[in-house]
Amino acid sequence: DGGITQSPKYLFRKEGQNVTLSCEQNLNHDAMYWYRQDPGQGLRLIYYSQIVNDFQKGDIAEGYSVSREKKESFPLTVTSAQKNPTAFYLCASQDRPQETQYFGPGTRLLVL
Amino acid sequence: GEDVEQSLFLSVREGDSSVINCTYTDSSSTYLYWYKQEPGAGLQLLTYIFSNMDMKQDQRLTVLLNKKDKHLSLRIADTQTGDSAIYFCAESGYNKLIFGAGTRLAVHP
């Protein structure tokens, strides 16, 4: 089955710790995206990548980093510089610009 | 600026029709989308409409697009308890989708 997987489903971060969220897709899509969702709010774009080895900052990139070494994978690192990381993180992929984005199941990040 | 707006909450009786409204900003958007999010889950694509269309029907779902007013609506016929969720409107922007804050649909007996 084609789709997008995210892991883990829940992630706990200690103060000062970096954590990495995984996103994998087997849809052969070129573009991948990371969004953050806070309660009662819409989705805000963190980073996106339209091609391997290239990525751009979204609207709220501070405190986050990404890599895109393989077409299938777009991991997101939440660094210790992100002071308010508690949120639901959604990964998406897209075949071509302005076409449909398909979403993974999400990772909920909580701070201990 | 980029701003997609939706009302935050809608309550309907089971079996009635639900209408969720959205206004968008970019008249050059090629596609407009409706996504559904159930608690603790990702976003599920419900339907989309190409910007040169006025209406699209897909089973219980009807999408209406008024380009002049930049208004998009989603009508759900015969609303069921399983339709309770958050519904997001999105427009296709440059290299990204622009989402509204979501409308929480509550279906009661």
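The present account deals with the structure reproduced in this document. Remember, it's a predicted structure, so these values are computed and weren't measured experimentally. (Residues numbered from 1 in each chain as written. Chains lettered and ligands numbered in written order. Predicted model: local features only at pLDDT ≥ 70, side-chain atom pairs only at ≥ 80, totals over all residues. Heavy atoms only, no water.)

## A short note on the interface of chain B and chain A
In step 1: The partner chain A presents 23 residues to the 21 residues of chain B that form the contact.
In step 2: Each partner contributes to the roughly 1,600 Å² buried at the junction of chain B and chain A, and carbon and sulfur atoms together form 50% of this total.
In step 3: The tally of links between chain B and chain A comes to one salt bridge.
In step 4: Notably, a salt bridge pairs Lys96 of chain B with Asp59 of chain A, separated by 3.3 Å at the nearest N-O pair.
In step 5: Contributions of two or more residues to the side of chain B that touches chain A are made by strand S4 (31-37), strand S5 (43-50), strand S9 (85-93) and strand S10 (96-99) of chain B.
In step 6: Grouping the amino acids of the side of chain B that touches chain A by side-chain chemistry returns eleven nonpolar, nine polar and one charged. (Contact = heavy atoms within 4.5 Å. Buried area = accessible area lost by both parts, 1.4 Å probe. Salt bridge = Lys/Arg side-chain N within 4 Å of Asp/Glu carboxyl O. Helix = DSSP H or I, 4+ residues; strand = E, 2+ residues; numbered from the N terminus. Nonpolar A, V, L, I, M, F, W, Y, C, P; charged D, E, K, R; others polar.)

## Focus: the sheet that holds strand S7 (residues 61-66) of chain B
By definition, the strands of a sheet pair up through backbone hydrogen bonds, in either a parallel or an antiparallel sense.
Residues and elements named next belong to chain B.
In step 1: Strand order across the open sheet formed by five strands is S1-S3-S8-S7-S6, with antiparallel pairing between neighbours. Because the sheet does not close on itself, it has two edges, and the strands there are strand S1 (5-6) and strand S6 (55-58).
In step 2: Bridge analysis of strand S3 (residues 18-23) against strand S8 (residues 71-76) gives six bridges, and the strand direction is antiparallel. For Thr23, the partnering residue across the bridge sits in S8 and is His71. (Pairing = 2+ DSSP bridges.)

## Describing the pattern of salt bridges
Residue and element names in this part refer to chain A.
In step 1: Enumeration according to the criterion identifies seven salt bridges over all chains in this entry.
In step 2: The partner of Lys71 in a salt bridge is Asp30, and the shortest N-O contact between them spans 3.3 Å. Separated by 41 residues along the polypeptide, Lys71 in the loop between strand S7 (64-66) and strand S8 (76-78) and Asp30 in the loop between strand S3 (19-25) and strand S4 (31-37) bring together distant segments of the chain.
In step 3: Take Lys71: its relative accessible area is 24%, and that puts it in the partly exposed class.
In step 4: For Arg44, the salt bridge goes to Asp38, with nearest N and O atoms at 2.7 Å.
In step 5: Where salt bridges share partners, they join Arg36, Asp38 and Arg44 into one cluster. (Buried < 20%, exposed > 50% of the residue type's maximum accessible area, 1.4 Å probe, protein only.)

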